[in-house]
Amino acid sequence: MDTSSPSAFVNGALLRRYIGQKVRTVIQVIGSDTGSVVGKSTDDLQIVVRGPSPTPPLTTYLEVIGIAESDNSIRAETWTNFGNTFDPQNYNELCKLANGEFKHLFI
Amino acid sequence: MYGGEFDGNAAFAGGGFMPSQATTQANDSSASLKNRDVRTLLPLTLKQLSGASTNGESNFSVDGVDINTVAIVGRISRMENRITQVDFVVDDGTGWVDCVRWCQERQETEEMEAVKLGMYVRLHGHVKSFQGKRSVNVFSIRPVTDFNEIVHHFTECMYVHMYNTKLRGGSVAHGGSTTQATATPRPQMPYSTIPTSAKPYQTGPSNQFSNQINDPMHGVKQTVMNYLNQPMHLVSEAGVHCDIIARDLRIPPLQVRQAIEQLSSDGCVYSTVDDTCFKSTLNA
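Just so you know, these numbers come straight off a predicted model, no measurement behind them.

A closer look at the overall build of chain B
Thought 1: Counting its regular elements, chain B contains 11 helices and 12 strands.
Thought 2: Counting every position in chain B, which comprises 284 residues, the buried fraction comes to 43%.
Thought 3: Across chain B, contacts joining residues at least 24 apart in sequence account for 60% of those joining residues at least 6 apart.

A look at the pattern of salt bridges
Thought 1: With the rule as written, the count across this model stands at 14 salt bridges over all chains.
Thought 2: With a closest N to O distance of 3.5 Å, Arg50 of chain A and Glu69 of chain A form a salt bridge. Of the two residues, Arg50 of chain A sits in strand β4 (residues 46–50) while Glu69 of chain A sits in strand β5 (residues 61–70), which places them 19 residues apart along the sequence.
Thought 3: On the basis of relative accessible area, Arg50 of chain A is assigned to the partly exposed category, the value being 39%.
Thought 4: A salt bridge links Glu149 of chain B to Arg122 of chain B, with the shortest nitrogen-to-oxygen separation between them at 2.5 Å. You can see Glu149 of chain B sitting in helix α6 (residues 148–167) and its partner Arg122 of chain B sitting in strand β8 (residues 120–130), a full 27 residues away along the chain. Accessibility assignment for this pair places Glu149 of chain B and Arg122 of chain B in one class, buried.

Concerning the interface of chain A and chain B
Thought 1: Residue-level contacts link 27 residues of chain A with 29 residues of chain B.
Thought 2: Interface area for chain A against chain B, summed over the two sides, is near 2400 Å², with a carbon-plus-sulfur share of 64%.
Thought 3: Along the contact surface separating chain A from chain B lie one salt bridge.
Thought 4: With a closest N to O distance of 3.2 Å, Glu101 of chain A and Lys166 of chain B form a salt bridge.
Thought 5: Breaking the side of chain A that touches chain B down by element, the ones donating at least two residues are β5, β6 (73–81) and α1 (88–99) of chain A.
Thought 6: A total of four residues in the side of chain A that touches chain B trace back to one element, the largest contributor, which is α1 of chain A.
Thought 7: By residue class, the composition of the side of chain A that touches chain B is 13 nonpolar, nine polar and five charged.

Quick notes on the sheet that holds strand β12 (residues 277–280) of chain B
Thought 1: With antiparallel pairing, three strands are arranged side by side in an open sheet as β10-β12-β11 (chain B). The sheet is open, and its two borders are formed by β10 (240–241) and β11 (269–271) of chain B, each paired with just one other strand.

Some remarks on the side chain of Glu63 of chain A
Residues and elements named next belong to chain A.
Thought 1: Tracing the backbone through its elements, the reader meets Glu63 in strand β5.
Thought 2: Owing to a relative accessible area of 1%, Glu63 belongs among the buried residues under this scheme.
Thought 3: Of note is the side chain of Glu63, whose polar atom sits 3.4 Å from the side chain of Arg24.

A word on the sheet that holds strand β3 (residues 60–62) of chain B
All names here are of chain B.
Thought 1: Spatially, three strands are ordered β2-β3-β4 in an open sheet, and the strand pairing comes out antiparallel. Taken across any chain shown, the strands that pair with only one partner, and hence form the sheet edges, are β2 (53–54) and β4 (65–66).
Thought 2: Pairing of β2 with β3, which is carried by two bridges, proceeds in the antiparallel orientation. Bridged to Ser53 within β3 is Ser61.

Regarding the nonpolar core
When a protein is soluble and globular, its nonpolar side chains tend to lie buried together.
Thought 1: Ranked by internal contacts, the top residues of the largest apolar core, which has 37 residues, are Phe9, Trp79, Phe82, Phe86 and Phe106 of chain A.
Thought 2: Broken down by secondary-structure element, the contributors of at least two residues to this core are β1 (8–9), β2 (22–33), β4, β5, β6 and α1 of chain A together with α6 of chain B.
Thought 3: The leading source of residues in this core is β5 of chain A, at five residues.
Thought 4: Setting aside residues up to four positions removed in sequence, Phe82 of chain A forms contacts with Val26, Thr59, Tyr61, Leu62 and Glu63 of chain A together with Tyr120, Phe147 and Ile150 of chain B.
Thought 5: Core analysis: the second largest hydrophobic core is formed by 28 residues, Val70, Met112, Leu123 and Val138 of chain B among them.

A closer look at the packing of aromatic side chains
Thought 1: Under the definition given, this model contains 11 aromatic pairs over all chains.
Thought 2: Considering the side-chain rings of Phe82 of chain A and Phe147 of chain B, the 4.4 Å spacing of their centres and the 20° angle between planes classify their relative orientation as stacked. Separated into two different chains, Phe82 of chain A in the loop between β6 and α1 and Phe147 of chain B in the loop between β9 (133–143) and α6 make up a pair that spans both. We note that Phe82 of chain A, like Phe147 of chain B, is buried.
Thought 3: Plain terms: the ring middles of Tyr120 of chain B and Phe147 of chain B are 5.9 Å apart, the flat faces sit at 85° to each other, and that makes the pair edge-to-face. Note that Tyr120 of chain B is positioned in strand β8 and Phe147 of chain B in the loop between β9 and α6, a separation of 27 residues in sequence. Accessibility classification places Tyr120 of chain B together with Phe147 of chain B in one group, the buried group.
Thought 4: Each residue in the set Phe9, Tyr61, Phe82, Phe86, Tyr91 and Phe106 of chain A together with Tyr120, Phe147 and Phe154 of chain B is aromatic and connected to the rest through ring pairs, giving one cluster.

Rules of the game
- Residues numbered from 1 in each chain as written.
- Chains lettered and ligands numbered in written order.
- Predicted model: local features only at pLDDT ≥ 70, side-chain atom pairs only at ≥ 80, totals over all residues.
- Heavy atoms only, no water.
- Helix = DSSP H or I, 4+ residues; strand = E, 2+ residues; numbered from the N terminus.
- Buried < 20%, exposed > 50% of the residue type's maximum accessible area, 1.4 Å probe, protein only.
- Contact = heavy atoms within 4.5 Å.
- Salt bridge = Lys/Arg side-chain N within 4 Å of Asp/Glu carboxyl O.
- Buried area = accessible area lost by both parts, 1.4 Å probe.
- Nonpolar A, V, L, I, M, F, W, Y, C, P; charged D, E, K, R; others polar.
- Pairing = 2+ DSSP bridges.
- Polar contact = N/O pair within 3.5 Å; in protein donor to acceptor, adjacent residues only side chain to side chain.
- Core = buried A, V, L, I, M, F, W, Y, C linked by side-chain atoms within 4.5 Å.
- Phe/Tyr/Trp six-rings, centres within 6.5 Å; stacked < 30°, edge-to-face > 60°.

Below you can see the structure in the form of structure tokens.
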């Protein structure tokens, strides 16, 4: 049992708090380039994800876990398909609570 | 809840010729109520689990609630299948924990075959500690198919945490005791109308009074008591005729008689003029 390397729940706005640390977020892919994927975060900000691309077939929402490189980019380690019926507003509220009042339950 | 908990001691005590410890305890409703009270199912983040306080090797508690069964949702980051057991590591983003799933029944093996490395899963299990290291003994596990479940699980963890810390703050510690909501304490009334206290968040059935489980007359007795405890009946010296009670409450006279007999032997009412008129013992 170990809690020394958690991955923080972030949305676009919270990403800047964890630069250099492991984060996880859910994005909707809006475009891709060689070696990077551009996604829309649950609070409608743009996030660029570099590193290994997710393997198709892709669903609408994808979770990416990786290291935050700047206030709008992540270096991906793991991708997970989160389906097409995922609710981004709920996830957004979860991010806010997990970094606010209930931070001690997560980090 | 099927937890696969085979209590060997209880099953084999007495060689099957005598009632075992477990059956005699089951008849004692207050003891079984206490067992039911202690069986909690808590959704937790692994951060909460690692921070759980402990008194002794296998007693853990979080936010003042004893941990019995935990619910965890996370990714399988490592997995080793050893035929009779599967060792795996679950990572929920707040931490990771070693888990073990014993597979002796066919159903258990099939359940584990549906679970693969890298998958998000929901598991239920018991927390174990060995040489200071905590692990989870899993008895139920399934893959997550709708990922809103992940958001739901963490939201539930936050809710339960808030419930157990803020709402229970100030009431007596161990679940099952009453808090006095009114200014005048009435400790002698087993059928009182004092509202039940906030109990620790748990998903099992819970009862305030042990008598309720085996007592079909409880509702009628409660109604009769509430009637007799009204101020105008408390002050009247002659009491109330039980036919009048039956008429006012629209309960069959026979049921009222039965209720009053039981209440009388419990010391909650007494007969006044003759054995048809009764008064509550409250303030008597």
